[in-house]
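The chain contents come next:
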Amino acid sequence: MRTYELITPEGTKDVLFDECLARRDVENRYRKIFGGMGYSEVITPGIEFYDVFNDGSRKYSQEALYKLTDAKGRLITLRPDCTIPIARLAATRLRDVPMPLRLFYVQTVYENNKLLKGRSDEIVQSGIELIGSEYKRADFEVMSIAVKALKEYEGTDFRLEIGDVGYFKELVSMLGVSEGVAEDIRYLIEAKNYPALNDLLDSIGDTPVTEALKKLPALFGGVEVFDKAAKLASNDKTREILDNLKAFYTSLQKLDLGDRLSVDLGIVNRTDYYTGIVFKGYLSGVGEAVLQGGRYNRLLSEFGMNAPATGFAVNVNLVAALVRKLGLSPVQTAPEAVVYGEHGYCIEAISYTMELAEKGIAAENAVFDSFEETVAAAEKRGIKEIYVVSDNVKKLEYKDGEYRE
Amino acid sequence: MNRPLRIALTKGRLEKDTVAVFERIGYDCSSVHEKGRKLILPIGGANIEVVLAKANDVITYVEHGVCDAGVVGKDTIMEMQGKYFELVDLGFGKCRFALATKKGADFFGGYDIKTIASKYPNVARNYFESIGMDVEIVKIEGSVELAPLLELADGIVDIVETGTTLKENGLEVVREIAPISARFIVNTVSLKLRQQEIEDLVKLIKANI
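Novice: Break down the overall build of chain B for me, citing the residues and quoting the values.
Specialist: Along its length, chain B carries nine helices and 11 strands. Counting only C-alpha atoms and orienting by the principal axes, one finds that chain B spans roughly 65 × 30 × 30 Å. Buried residues in chain B amount to 51% of all 209 residues. Total accessible area on chain B stands at roughly 10,200 Å², and carbon and sulfur atoms take up 50% of it.

Here it is, written out as structure tokens:
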């Protein structure tokens with residue numbers, strides 16, 4: 001039988017040294033941003049009941065979920081998303097806490113990706129949820145924090161894109177087609193598949209609404225998008241949505257975003273609990289969105305508590321990979337010094353290493369049993385200083401090919 | 001200036017047809033004509049470089065964003081799927097997916113599960129799912145026409161252009177599945193970050209197909 005004891009499962013990997021440092025650096029910086037704005041960190045279980053991700057607006061495709069069973073034979077899944085468990089948590093244990101709630105998290109999600117596509121199945125997400133306010137102030141806060149997170153690393157270039165899932169839903173409802181056709185249209189708009197979308201809409205008819213839907217995938221860009229959309233088919237609701245979105249666009253410009261802020265009216269995600277304004281964040285050099293968020297006003301009610309909410313999540317893996325590539329994250333360096341204890345002074349050497357560490361000197365206790373081996377190893381790693389501990393401490397420095405006092 | 005827009009072309013006919021479009025636009029494609037062993041080729045007169053790749057890899061490169069855009073057949077898109085924008089039907093590289101069986105065979109009759117041979121198992125599976133028919137699918141890498149002749153399969157799902165190969169092997173098309181042509185696909189982030197450049201290029205391409 002073939003055994004798999006030397007490799008990790010497809011889509012996962014061991015994270016070492018510089019890569020690990022980059023990952024933690026991103027996590028810690030976001031922690032500081034979120035914590036600084038009054039958000040409290042929570043940890044939800046890595047495994048949840050399958051039902052949590054398979055009802056209402058929380059339908060995940062079976063293939064995308066890692067599944068197992070618990071001791072009672074109930075279906076369990078590795079968490080594919082952080083917002084849904086937090087909605088569950090808020091609607092149960094936090095239901096009597098005064099609103100609004102400000103929560104943040106840094107934890108892994110799992111997605112069962114197609115094999116050999118070079119995609120990670122295990123992703124660290126860091127994000128915030130602001131629960132209990134239906135007002136724009138809450139969206140402004142969340143989006144401003146998203147912008148702060150996106151521009152955290154100087155030397156990267158970002159883009160924030162806003163949209164509203166209601167716009168498409170309204171247009172399609174004016175069309176009066178079956179749910180299946182509506183889903184086909186949604187899919188083609190999401191893929192910006194103009195050729196197939198045009199064919200499908202032509203078969204439905206030539207009305208102002210089909211005309212508008214044909215243009216929808218192209219309705220992205222700067223403020224001019226609102227003028228283009230204003231000329232298309234509309235009803236009271238779409239006008240309200242566009243006015244609202246334009247108000248957001250105008251207000252967010254106070255953050256000096258310039259053309260880093262854009263609009264996409266063709267954002268039409270499917271498995272999705274979003275109910276209104278949605279946004280995505282991009283970093284130049286990363287082939288997919290690194291940040292996704294929006295308003296979800298009905299998700300908590302699916303867990304029995306009526307509360308509006310808004311939030312976002314950042315894909316920490318993608319950000320960490322980018323900042324590491326750009327040399328913006330910390331790197332592993334050899335310690336400055338090695339401490340060697342003469343025979344009989346092992347404990348003293350360890351204590352002295354700790355003393356150095358407290359003083360902020362990166363030192364390492366030598367575990368070789370002879371001074372010669374310690375020297376050879378230190379020289380190989382380019383370590384500049386050796387402390388030799390006996391009744392006293394001798395400090396040797398590397399000069400001209402040897403360690404001298 | 002920005003780094004060049006990197007476009008992956010499917011090697012072979014789609015590459016030639018795309019280069020012809022670029023030349024009609026007025027771009028200098030001599031680097032592609034005289035490529036030798038080079039794999040990344042700059043296009044003269046535009047801030048574009050071209051990468052030549054196998055069809056499946058075009059999609060992989062575009063999906064990962066290491067290429068901003070690509071030219072690939074609808075057949076590969078239907079088989080591979082994935083996440084990218086499919087912006088333009090380029091109109092060339094036309095053919096179709098079809099179901100073919102041995103001439104005169106009663107493919108849809110009887111209650112036995114039928115076996116389908118195909119280079120495109122996902123396309124075959126999706127098609128039979130859409131018509132509510134349960135079939136067994138066998139993936140074949142080379143000449144699929146052989147499978148029904150050797151009686152491994154009852155039918156094949158394959159690309160058909162003129163139908164000559166089918167005819168010569170005693171096979172015939174019994175169902176059309178989908179039309180195929182070359183598509184211009186774009187990475188989801190590139191379209192947003194380099195909107196103007198890509199929109200301008202798409203306009204030029206559409207005007208010169």
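After that view, the rundown keeps rolling.
Novice: Describe the overall build of chain A, and please don't skip the residues or the numbers.
Specialist: Across its full length, chain A holds 12 helices and 17 strands. The globule rule puts the C-alpha radius of gyration for 405 residues at 22 Å, and the 27 Å found for chain A is more than 25% above it. Seen through its principal axes, chain A has C-alpha atoms that stretch 90 × 55 × 50 Å. Counting across all 405 residues of chain A, residues that qualify as buried make up 47%. A separation of at least 24 residues holds for 67% of the contacts in chain A among residues at least 6 apart in sequence. Accessible area for chain A stands at about 20,700 Å²; split by element, carbon and sulfur atoms hold 51% of it. Between the mean site of the 51 positive side-chain charges and the mean site of the 63 negative ones, chain A shows a separation of 5 Å.

Novice: Quick one: what's the story with the pairing of strand β15 (residues 385-389) of chain A, residue by residue and with numbers?
Specialist: The side chains of a regular strand alternate between both faces of the sheet. Residue and element names in this part refer to chain A. The buried fraction of β15 amounts to five of the five residues, a majority that puts the element mostly inside the structure. The alternating pattern of β15 places Glu385, Tyr387 and Val389 on one face and Ile386 and Val388 on the opposite face, and all of these are buried. One ladder, built from five bridges, connects strand β13 (residues 337-341) with β15; its direction is parallel. Bridged to Gly341 within β15 is Val389.

Novice: Which residues make up the side chain of Asn193(A), and what values go with them?
Specialist: Along the chain, Asn193(A) turns up in the loop between α5 (179-190) and α6 (194-204). Once residues within four sequence positions are removed from consideration, Asn193(A) is found in contact with Leu188(A), Lys74(B) and Glu86(B).

Novice: Break down the layout of surface pockets for me, citing the residues and quoting the values.
Specialist: Once rolled over the atoms, a probe with the size of a water molecule shows which space is left empty. Residue and element names in this part refer to chain A. Roughly 820 Å³ of volume is contained in the second largest pocket. Around the second largest pocket, the lining is made up of 32 residues, and of these Val165, Gly166, Lys169, Tyr274 and Arg298 lie nearest the centre. Of all elements in the fold, only α4 (165-175), α5 and α9 (236-252) reach the threshold of two or more residues within the lining of the second largest pocket. When grouped by side-chain class, the residues that make up the lining of the second largest pocket number nine nonpolar, nine polar and 14 charged. Mapping the lining of the second largest pocket onto the domain boundaries places at least three of its residues in each of domain 1 (9-157 + 284-332) and domain 2 (165-259).

Novice: Just give me the short version of the domain arrangement of chain A, but keep the residues and values in it.
Specialist: Entries for chain A in the domain assignment read domain 1 (9-157 + 284-332), domain 2 (165-259) and domain 3 (337-404). If you average the C-alpha positions of domain 2 of chain A and of domain 3 of chain A, the two centres end up 68 Å apart.

Novice: A description of helix α11 (residues 346-358) of chain A should follow, citing residues and the corresponding values.
Specialist: All names here are of chain A. Taking 1.5 Å as the rise per residue, α11 with 13 residues should run 18 Å; its terminal C-alpha atoms sit 19 Å apart, in good agreement. Within α11, the full set of buried residues consists of Ala349, Tyr352, Thr353 and Leu356. Seen along its axis, α11 keeps its buried residues to an arc of 105 degrees; they face one direction. Within α11, the exposed residues directed more than 90 degrees away from the buried face are Ile347, Met354 and Glu358. The elements touched by buried residues of α11 are β13, β14 (363-365), β15 and β16 (393-399).

Novice: I'd like a description of the domain arrangement of chain B, backed by residues and values.
Specialist: Residues and elements named next belong to chain B. Partitioning chain B into structural domains gives domain 1 (5-93 + 181-208) and domain 2 (95-178). The straight-line distance from the C-alpha centre of domain 1 to that of domain 2 is 31 Å. Between domain 1 and domain 2, the residue contacts involve six residues of the former and 10 residues of the latter. Together, Asp75, Met78 and Glu79 form the three largest contributors to the area buried by domain 1 at its contact with domain 2, with a combined 74%. With a shortest N-O distance of 3.1 Å, Glu161 and Arg13 are connected by a salt bridge. Where domain 1 packs against domain 2, one counts four residue pairs in polar contact (both at pLDDT 80 or more). Looking at the side of domain 1 that touches domain 2 element by element, the count peaks at three residues for helix α4 (residues 74-80).

Novice: So what's going on with the packing of helix α3 (residues 136-150) of chain A against α9(A)? Residues and values would help.
Specialist: All names here are of chain A. For the pair α3 and α9, interaxial distance at closest approach is 11 Å and the crossing angle is 50 degrees. In terms of their interaxial angle, α3 and α9 are classed as oblique. In this structure, the crossing between α3 and α9 has a hand that is right-handed. On the side of α3, the interface is formed by Lys136, Asp139, Phe140 and Met143, while α9 contributes Asn244, Ala247, Phe248, Ser251 and Leu252. Partitioning the contact of α3 with α9 into residue classes produces five nonpolar, two polar and two charged.

Novice: I'd like a description of the pattern of salt bridges, backed by residues and values.
Specialist: When their charged atoms lie close together, side chains carrying opposite charge are able to pair. Applying the stated criterion to the full structure yields 37 salt bridges over all chains. As a salt-bridge pair, Asp400(A) and Arg404(A) come within 3.5 Å of each other at their nearest N and O atoms. When its relative accessible area of 37% is taken as the criterion, Arg404(A) is described as partly exposed. Residues joined by salt bridges that share partners form a network here, namely Glu161(A), Lys192(A), Asp264(A) and Lys192(B).

Novice: Any chance you could break down the sheet that holds strand β3 (residues 48-53) of chain B for me, citing the residues and the numbers?
Specialist: In spatial order, the strands read β2-β3-β1-β4-β11-β5 (chain B); together these six strands make up an open sheet with mixed pairing. With one partner strand each, in any of the chains shown, β2 (40-43) and β5 (85-89) of chain B form the two edges of the open sheet. Each neighbouring strand pair of the sheet contributes to a mean axis angle of 30 degrees, computed without reference to strand direction. The sheet contact formed by strand β1 (residues 5-10) of chain B and strand β4 (residues 69-73) of chain B spans three bridges and is parallel. Each residue of the ladder has a partner; that of Ala8(B), found in β4(B), is Gly70(B). Across the sheet, α6(A) is in contact with β5 and β11 (182-186) of chain B; its angle to β5(B) comes to roughly 75 degrees.

Novice: Quick one: what's the story with the environment of Asn198(A), residue by residue and with numbers?
Specialist: One can find Asn198(A) in helix α6. In this structure, the C-alpha to C-alpha distance between Asn198(A) and Leu213(A), residues 15 residues apart in sequence, is 8.9 Å.

Novice: Lay out the interface of chain B and chain A with the relevant residues and their values.
Specialist: Listed per partner, the contact involves 21 residues of chain B and 21 residues of chain A. When chain B packs against chain A, close to 1,800 Å² is buried across both sides, 50% of that on carbon and sulfur atoms. On the chain B side of the interface with chain A, the three residues burying the most area are Val189(B), Lys192(B) and Leu193(B), jointly 33% of the side's total. Notably, a salt bridge pairs Lys192(B) with Asp264(A), separated by 2.9 Å at the nearest N-O pair. Linking chain B with chain A are nine residue pairs in polar contact (both at pLDDT 80 or more). Only α3 (55-64), α4, β5, α8 (188-193) and α9 (195-208) of chain B provide two or more residues apiece to the side of chain B that touches chain A.

Novice: Could you give me a rundown of the environment of Glu199(B), with the residues and numbers involved?
Specialist: The topology assignment puts Glu199(B) in helix α9. Taking C-alpha positions, Glu199(B) is 18 Å from Ala182(B), a pair spaced 17 residues apart along the chain.

The rules behind each value
- Residues numbered from 1 in each chain as written.
- Chains lettered and ligands numbered in written order.
- Predicted model: local features only at pLDDT ≥ 70, side-chain atom pairs only at ≥ 80, totals over all residues.
- Heavy atoms only, no water.
- Helix = DSSP H or I, 4+ residues; strand = E, 2+ residues; numbered from the N terminus.
- Buried < 20%, exposed > 50% of the residue type's maximum accessible area, 1.4 Å probe, protein only.
- Areas by Shrake-Rupley, 256 points an atom, 1.4 Å probe, with all protein chains shown as cover.
- Rg over C-alpha atoms; globule rule 2.2 N^0.38 Å.
- Contact = heavy atoms within 4.5 Å.
- Lys, Arg positive; Asp, Glu negative; His and termini not counted.
- Charge placed at Lys NZ, Arg CZ, Asp CG, Glu CD.
- Pairing = 2+ DSSP bridges.
- 1 Å grid on protein atoms, 1.4 Å probe; cavity = no way out; pocket = protein on both sides within 12 Å on 5 of 7 lines; lining within 4 Å.
- Points joined across faces, edges and corners; volume = space filled by probe spheres on them.
- Nonpolar A, V, L, I, M, F, W, Y, C, P; charged D, E, K, R; others polar.
- Domains from an automatic or database assignment.
- Expected span 1.5 Å × (residues − 1).
- Arc of directions from axis to C-beta.
- Buried area = accessible area lost by both parts, 1.4 Å probe.
- Salt bridge = Lys/Arg side-chain N within 4 Å of Asp/Glu carboxyl O.
- Polar contact = N/O pair within 3.5 Å; in protein donor to acceptor, adjacent residues only side chain to side chain.
- Axes fitted to C-alpha atoms, helices over the stretch in contact; angles between N-to-C directions.
- Parallel < 35°, antiparallel > 145°, perpendicular 65-115°, else oblique.
- Left-handed = near helix turned anticlockwise from the far one by under 90°.

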